[in-house]
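Analysis of the macromolecular model
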Amino acid sequence: MKRPASALALAVSLAASPMSYAAPPDASAAFTQLKALEGRWVGHVQKADGPPAEVTYRNISGGTAVMEVLFPGTPHEMTSIYHLDGDQLVMTHYCAMGNQPRMKLVAVNGNRLRFDFTGGSNMDPQQSTHIHGGEIRLQGPDTIEAEWDVFAKGKPAGTNRFFLMRPKT
């Protein structure tokens, strides 16, 4: 039996690149995980024994948003606000460079939350250096690792890594 060439080509292309039908991430559950981070975190940037870092998380606006402050009280202080927008978890990063990239949660794998760039203000994504996406890994109730992808001139330009622990009181 002969098959039309177009049907054969379709079958070959489907076999060569399997499609993934992952369910959309549960934004509400991920937001609950972020709310549990409330408090002060200390650690290092770039590597586990790199330069010191401090990050604070605070539930604000009646628990409808989470404010993350990186390097509080320093000239490099930056703030990110996470909140639900319908069935999506979104964030805006207010960068010390003066731009405000926006991202949304695109994947959850256990305690790993992946955010991707959706736009921004005070920036040209094809030229400006900016945070373009990243992942927060909740390693346990007192340990976080995060990686944020830096883009410049429209291309990957590095990764900012954070290794953080909740200080013992």
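This report concerns the structure included in the present document.

Here is what the cut-offs are and how they apply
- Residues numbered from 1 in each chain as written.
- Predicted model: local features only at pLDDT ≥ 70, side-chain atom pairs only at ≥ 80, totals over all residues.
- Heavy atoms only, no water.
- Pairing = 2+ DSSP bridges.
- Helix = DSSP H or I, 4+ residues; strand = E, 2+ residues; numbered from the N terminus.
- Salt bridge = Lys/Arg side-chain N within 4 Å of Asp/Glu carboxyl O.
- Buried < 20%, exposed > 50% of the residue type's maximum accessible area, 1.4 Å probe, protein only.
- Axes fitted to C-alpha atoms, helices over the stretch in contact; angles between N-to-C directions.
- Contact = heavy atoms within 4.5 Å.
- Polar contact = N/O pair within 3.5 Å; in protein donor to acceptor, adjacent residues only side chain to side chain.

Observations regarding the pairing of strand β10 (residues 155-165)
Two elements, strand β1 (residues 39-45) and β10, share four bridges in a ladder whose sense is antiparallel. Note that in β10 the partner of His44 across the bridge is Phe163. One ladder, built from ten bridges, connects strand β9 (residues 143-152) with β10; its direction is antiparallel. Across the sheet, Thr143 pairs through a bridge with Met165, a residue of β10. Between β9 and β10, which pair antiparallel and follow one another directly, the connecting turn spans two residues, one of which, Lys153, has a positive phi of 55 degrees.

Considering the pattern of salt bridges
On inspection of all chains with the given rule, the structure shows nine salt bridges. One salt bridge connects Asp116 with Arg114, and the closest N-O pair in it is separated by 3.2 Å. A relative accessible area of 30% means that Asp116 is categorised as partly exposed. Judged by relative accessible area, Arg114 falls into the partly exposed class, the value being 24%. Between Arg137 and Glu145 there is a salt bridge, with the nearest N and O atoms lying 3.4 Å from each other. Among the charged side chains, a salt-bridge network with shared partners connects Arg112, Glu135, Arg137, Glu145, Glu147 and Arg161.

Overview of the sheet that holds strand β6 (residues 100-109)
In space, the ten strands of this closed barrel follow the order β1-β2-β3-β4-β5-β6-β7-β8-β9-β10, with antiparallel pairing throughout. Neighbour-to-neighbour, the strand axes of this sheet turn through a mean angle of 25 degrees, independent of strand direction. With nine bridges connecting them, strand β8 (residues 130-140) and β9 associate as antiparallel partners. Residue pairing in the sheet places Gly133 in a bridge with Asp149 of β9. Packed on one face of the sheet, helix α2 (residues 27-35) meets β2 (52-60), β3 (65-70), β4 (78-85), β5 (88-94), β6, β7 (112-121) and β8 and runs near 145 degrees to β4.

Digging into the side chain of Arg137
Within the secondary structure layout, Arg137 lies in strand β8. Other than its neighbours up to four places away in sequence, Arg137 contacts Asn111, Arg112, Thr143, Ile144, Glu145 and Glu147.

Details of the side chain of His130
Along the chain, His130 turns up in strand β8. Overall, His130 belongs to the buried group, its relative accessible area being 0%. Separated by 2.8 Å, the side chains of His130 and His132 make a polar contact. Among all residues touching His130, those that are not within four sequence positions of it are Met97, Asn99, Pro101, Phe117, Met123, Pro125, Asp149, Val150 and Phe151.

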